[in-house]
Amino acid sequence: LSLAQMEGLAAALVETIGAEFAGRHLAILPMGVLLENVAGLYPTLLAGGCYHALGLGELGFADGLRPDIGRLAGIIEARAANSLILVPELLRALTAWMAATGRRAPDLKLVAVGGAKVAPPLIAAARSVGIPAYEGYGLSECASVVALTTPHADRPGTVGRVLPHRSLTIAADGEIVVGPAPFLGYVGGPPQTEALHTGDIGSLDDDGYLTISGRKSNLLITFKTNSADLTN
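One numbering rule holds for all chains: residues counted from 1, following each sequence as written. pLDDT decides what is reported in this predicted model: residues at 70 or higher carry local features, side-chain atom pairs at 80 or more are listed and counted, and totals for whole chains, interfaces and linings draw on all residues regardless. Heavy atoms from the whole structure form the basis of all side-chain values; hydrogens and water molecules are not counted.

Participant: I keep staring at the overall build of the protein chain and nothing clicks. Help me out?
Facilitator: On a plain count of helices and strands, the protein chain comes out with seven helices and 11 strands. In terms of principal-axis extent, the alpha carbons of the protein chain reach across some 50 × 50 × 35 Å. Only protein chains enter the calculation, and the probe is 1.4 Å; a residue is then buried if its accessible area is under 20% of its type maximum, exposed if over 50%, and partly exposed in between. Out of the 232 residues in the protein chain, the part that is buried amounts to 43%. Residue contacts follow a heavy-atom distance rule, with two residues in contact if any of their heavy atoms lie within 4.5 Å. Restricting the contact set of the protein chain to residue pairs at least 6 apart, pairs at least 24 apart contribute 59%. For the accessible areas, the method is Shrake-Rupley and the probe is 1.4 Å, while residue cover comes only from the protein chains on display. Summed over all atoms, the accessible surface of the protein chain reaches about 11800 Å², with 59% contributed by carbon and sulfur. The positive charge centre, built from 16 side chains, and the negative charge centre, built from 21, are 6 Å apart in the protein chain. Numbered from the N terminus, helices here are DSSP runs of H or I no shorter than four residues, and strands are runs of E no shorter than two. Only four residue types enter the charge count: Lys and Arg as positive, Asp and Glu as negative, with His and the chain ends excluded. Where a charge sits is defined by one atom per residue type, namely NZ (Lys), CZ (Arg), CG (Asp) or CD (Glu).

Participant: When you look at the sheet that holds strand β8 (residues 167–170) in this model, what are you seeing that I'm missing?
Facilitator: Being paired, for any two strands, means DSSP has found at least two bridges between them. Ordered by their spatial adjacency, four strands build an open sheet running β8-β9-β10-β11, and the pairing between neighbours is antiparallel. Across the chains shown, the open sheet's two edge strands, defined by having one partner strand only, are β8 and β11 (210–215). Going from strand to strand, the sheet's axes swing by 50 degrees on average, the running direction of each strand aside. Summarising the sheet, strand β9 (residues 175–179) and strand β10 (residues 196–204) pair through three bridges and their orientation is antiparallel. Looking at β10, one finds that V177 is bridged to H197. Every angle, taken between N-to-C directions, lies between 0 and 180 degrees, and every axis is a line fitted to C-alpha atoms, over only the stretch in contact when it is a helix.

Participant: I tried to follow the pattern of salt bridges on my own but got confused; where do I start?
Facilitator: Throughout this description, the term salt bridge denotes a Lys or Arg side-chain nitrogen within 4 Å of a carboxyl oxygen of Asp or Glu. This structure, assessed with the given rule, holds nine salt bridges. Of the charged contacts in the structure, one is a salt bridge between R92 and E89, with a shortest N-O distance of 3.5 Å. Residue R92 and its partner E89 are both found in helix α5 (residues 88–101); the two are separated by three residues, about one turn of the helix. Overall, the relative accessible area of 54% leaves E89 in the exposed class. Where R155 meets D207, a salt bridge forms, and the shortest distance between an N and an O atom there is 3.0 Å.

Taken by themselves, the reported measurements are silent on function.
See below:
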């Protein structure tokens, strides 16, 4: 990914979501995660917000196998966080905790959920306990986000509209194709100069909302190395 590609995404997110949502963003995902950097940190700073990055222990993740969701919820409330980025399982856990305790995070305005498909009932359950959850879709090759729902453009069951700096078409077999060339290329491979065939299957409705329905194949690509490769 180039700097221009990542900055272009961050600017498109500010344009799409609105700078008024850039208040206090609390980083829940590690900053080593591309989504947190390009969709959390960069847009917050571009829009003039405040970015809070705390240690894992403070957030309730001192024991990665047994996260303390109550501590996490308490930090979200105590820091008066306005926005978060979560993966679906964290959203599920936080929703269940709030439903069981009756506690709320009244300052939250936007909780973006990505990393895997989110069931519409989970979005509904989260919103019912005061978590303003919105689903998105993206790939690392596109610097993370390609489309997302927002408070201004919300259609549960879809992953929202495509960001303004991207083009998206659906191939004859239903494959999602994202352009223009969204990344520089894979390490050791040729430059990426064409649109990206994602391998995901989806559809666009008449209003431009994207729905993901599956994968074109279950192929997983891995890389084989040996000690000679690592020393050269």
